[in-house]
Amino acid sequence: MEEKEYRPNFPQWLLFHVLPAGLIILFGGAAIIGLALFLKQTPESKPSIKVVPTVEVIEVQPEITQAIVRSQGIVEARTQTTLLAEVSGRIESISPALYAGGYFAKDDILARIDDTDYVANLAAARSRQAEAHLAYEQELAASEQAMEDWKKIGNAQAPSDLVLRKPQLARALATLEAATASVVAAERDLARTAVKAPYDGRVQAKFIDIGQFLNARTSQIASIYSVDTAEVRLGISLDDTRLVPLPETYVDGTTSGSKPKVTLTATYGGKDYQWQGIIDRSEGAVDPKTRLLYLVAQVKNPYANREGENRPPLKVGSFVRAEILGETAVDSFKLPRRALREDDSLYIVTDDRTLEIRKITPFQKTRENVIVREGLKAGERVCLTPLQYVVNGMEVRLTTDPDETESAEDEEQQDGEPDDTASL
């Protein structure tokens, strides 16, 4: 018979196998905890330091500021014309000033068209006028003679118009007037063979040359523009219109507002040049796409060479930046734009170093500055530092205040130093 293998029962298995292992783990853990408690060091106690945000402030003072509305635009001539040939013919001569960029004065002859045919037309018209005048004089004399003859006959009845040759006289007078009008037209056509400048100006483009044949009212001679005044269309937002006293015209012809001054700046060769002008008028409608109102600035004599200024002319087509002088604000405060928060509020730092959130209505906002007329007092400190979380009464420190952490460390160092006087 095979010998049976001995197997302990469950209580014996717990007593001889599980219990010893548990006791080993228990006493081992207790030993480790005791060793940790024995080696534990008591942390050094330090006074708690309050974390207060440090902010940069500006102390505001009232001043006189003027609102400046900025815009930009392209220089245009106040008057621009495309000259057309008013008579047909071949170009005989061209003025030396008729080239792109050339200057001319009013009534200068810019080009001459062959006038041979127009001289002949004028002579023929004058001949017809002389014949018509002779016929009229003859009819007038015949009418007067008919009246005398009627009187000699002694007829008591009034003579008819036909007897007095009044219809013939009227026809002769109409023929004379037509002949006179033909002379005037012929003289006008002859004068138009000399193409004259309608005003003082400059040539933008020339389209003709000597020997070219021109057709009346279709052939272009040149594109010209005046040089007495330059204009610039400047768009401003509807909100900025409250800053500028705009010149307005009403249906009855009355006007209101004034003509504010404007400074135009153009860059030539990397250098800025300035011209002074005025806002002459505002256009009659708001642009529906941009919601801008366009003002028209004028600069007198933009091509004048003023002594001592040493600047180029304000050329047509130049891009300019404009600064329109608006209303003047007395006892206002000028702040950096970064001081203004999104909801048009300011963070005021009080004397006890706490924040006050103050809602204001800016007089003007630009990219660099904000002008405030109401809501501030002289000497108040405005916070410039952006803060993520702000509540009324929040404590802050100024950048000019002493560092509290360094002061606390200095005090600890002084407390820890031995008293040399006591040891002596």
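Predicted, not measured: the structure shown is a model, and the values here were computed from it.

*Asks:* I'd like to hear about the overall build of the chain, residue by residue, with values.
*Replies:* When helices and strands are counted, the chain shows five helices and 24 strands. The buried share among the 424 residues of the chain stands at 32%. Taking all contacts inside the chain whose residues are at least 6 apart in sequence as the whole, residues at least 24 apart take part in 75%. Entry remark: accessible area of the chain is about 27,800 Å², with carbon and sulfur atoms responsible for 52%.

*Asks:* Explain the pairing of strand E7 (residues 109–113) residue by residue, including any values.
*Replies:* Where strand E5 (residues 89–94) meets E7, three bridges bridge the pair, whose relative direction is antiparallel. Pairing of Ile94 across the sheet is with Ala111, part of E7. Taken together, the three bridges between E7 and strand E8 (residues 194–196) define a ladder with antiparallel strand orientation. Bridging from a neighbouring strand, Ile109 pairs with Lys196 of E8.

*Asks:* Break down the pairing of strand E3 (residues 63–77) for me, with residues and values.
*Replies:* In this sheet, strand E18 (residues 319–336) lies alongside E3 in antiparallel orientation, the contact comprising 10 bridges. Across the sheet, the residue bridging to Glu63 is Ser332, located in E18. In this structure, E3 lies alongside strand E12 (residues 229–237), joined through three bridges in antiparallel fashion. The residue of E12 that forms the bridge with Ala77 is Ala230.

*Asks:* Talk me through helix H3 (residues 166–191); I want residue IDs and the actual numbers.
*Replies:* When the terminal C-alpha atoms of H3 are compared, their 37 Å separation across 26 residues agrees well with the 38 Å that a helix rising 1.5 Å per residue should span. Those residues of H3 that sit buried are Gln168, Leu169, Ala172, Leu176, Ala179, Val183 and Ala186. Buried-residue contacts for H3 involve helix H2 (116–153).

*Asks:* Could you give an account of the sheet that holds strand E11 (residues 220–226), with specific residues and numbers?
*Replies:* Reading across from one edge, E4-E11-E9-E6 is the order of the four strands in this open sheet, with antiparallel pairing throughout. Taken across any chain shown, the strands that pair with only one partner, and hence form the sheet edges, are strand E4 (80–84) and strand E6 (103–104).

*Asks:* Break down the pattern of salt bridges for me, citing the residues and quoting the values.
*Replies:* Applying the stated criterion to the full structure yields 18 salt bridges. Two residues, Glu283 and Arg233, come together in a salt bridge whose shortest N-O distance is 2.7 Å. Of the two residues, Glu283 is situated in strand E16 (residues 271–286) and Arg233 in strand E12; the sequence distance between them amounts to 50 residues. Take Glu283: its relative accessible area is 28%, and that puts it in the partly exposed class. Residue class for Arg233 comes out partly exposed when judged on its relative accessible area of 34%. What you see here is one network of salt bridges that share partners, running through Glu231, Lys259, Asp280 and Arg281.

*Asks:* So what's going on with the nonpolar core? Which residues, and what values?
*Replies:* Residues Leu234, Val262, Leu264, Leu314 and Ile324 are the most contacted members of the largest nonpolar core, which totals 28 residues. Looking at this core, the elements with two or more residues in it are E3, E12, strand E15 (261–268), E16, strand E17 (292–300) and E18. Residue contacts for Leu234: discarding those within four places in its chain leaves Ser71, Gln72, Gly73, Val262, Ile279, Leu293, Tyr294, Leu295, Ala297, Ala322 and Ile324. By size, the runner-up hydrophobic cluster in this structure holds 19 residues, among which are Ala111, Ile113, Ile208 and Leu214.

*Asks:* So, the packing of aromatic side chains: which residues are in play, and what are the values?
*Replies:* Evaluation of the coordinates by the stated rule reveals four aromatic pairs. Here the aromatic rings of Tyr268 and Tyr273 are separated by 6.4 Å at their centres, their planes lie at 45°, and the arrangement is tilted. An aromatic cluster is built from Tyr103, Tyr225 and Tyr303, whose rings are joined through pairwise contacts. Sitting above the plane of the Tyr294 ring, Arg233 keeps its charged end 4.2 Å from the centroid. Sitting above the plane of the Tyr268 ring, Lys315 keeps its charged end 5.0 Å from the centroid.

*Asks:* How would you sum up the sheet that holds strand E2 (residues 57–59)? Please name residues and give values.
*Replies:* Pairing within the open sheet is antiparallel, and its four strands lie in the order E2-E23-E19-E20. On the outer flanks of this sheet lie E2 and strand E20 (355–359), each paired with one strand and no other. The sheet shows a mean angle of 40° between the axes of neighbouring strands, taken without regard to direction. Sheet topology places E2 next to strand E23 (residues 381–383); three bridges connect them, and they run antiparallel. Within E23, the residue paired with Ile58 across the bridge is Val382.

*Asks:* Hey, could you go over H2 for me, with residue numbers and the actual values?
*Replies:* With 38 residues, H2 should reach 56 Å at 1.5 Å per residue; the first-to-last C-alpha distance of 56 Å fits that figure. The set of residues buried in H2 consists of Tyr118, Leu122, Ala125, Ala132, Tyr136, Glu139, Ser143, Ala146 and Trp150. Those residues of H2 that are buried are in contact with H3. One or two positions beyond H2, positive phi appears at Gly154, with a value near 80°.

The rules we used
- Residues numbered from 1 in each chain as written.
- Predicted model: local features only at pLDDT ≥ 70, side-chain atom pairs only at ≥ 80, totals over all residues.
- Heavy atoms only, no water.
- Helix = DSSP H or I, 4+ residues; strand = E, 2+ residues; numbered from the N terminus.
- Buried < 20%, exposed > 50% of the residue type's maximum accessible area, 1.4 Å probe, protein only.
- Contact = heavy atoms within 4.5 Å.
- Areas by Shrake-Rupley, 256 points an atom, 1.4 Å probe, with all protein chains shown as cover.
- Pairing = 2+ DSSP bridges.
- Expected span 1.5 Å × (residues − 1).
- Salt bridge = Lys/Arg side-chain N within 4 Å of Asp/Glu carboxyl O.
- Core = buried A, V, L, I, M, F, W, Y, C linked by side-chain atoms within 4.5 Å.
- Phe/Tyr/Trp six-rings, centres within 6.5 Å; stacked < 30°, edge-to-face > 60°.
- Lys NZ or Arg CZ within 6 Å of the ring centre and 35° of its normal.
- Axes fitted to C-alpha atoms, helices over the stretch in contact; angles between N-to-C directions.

Function cannot be read off these values alone, since they describe shape.
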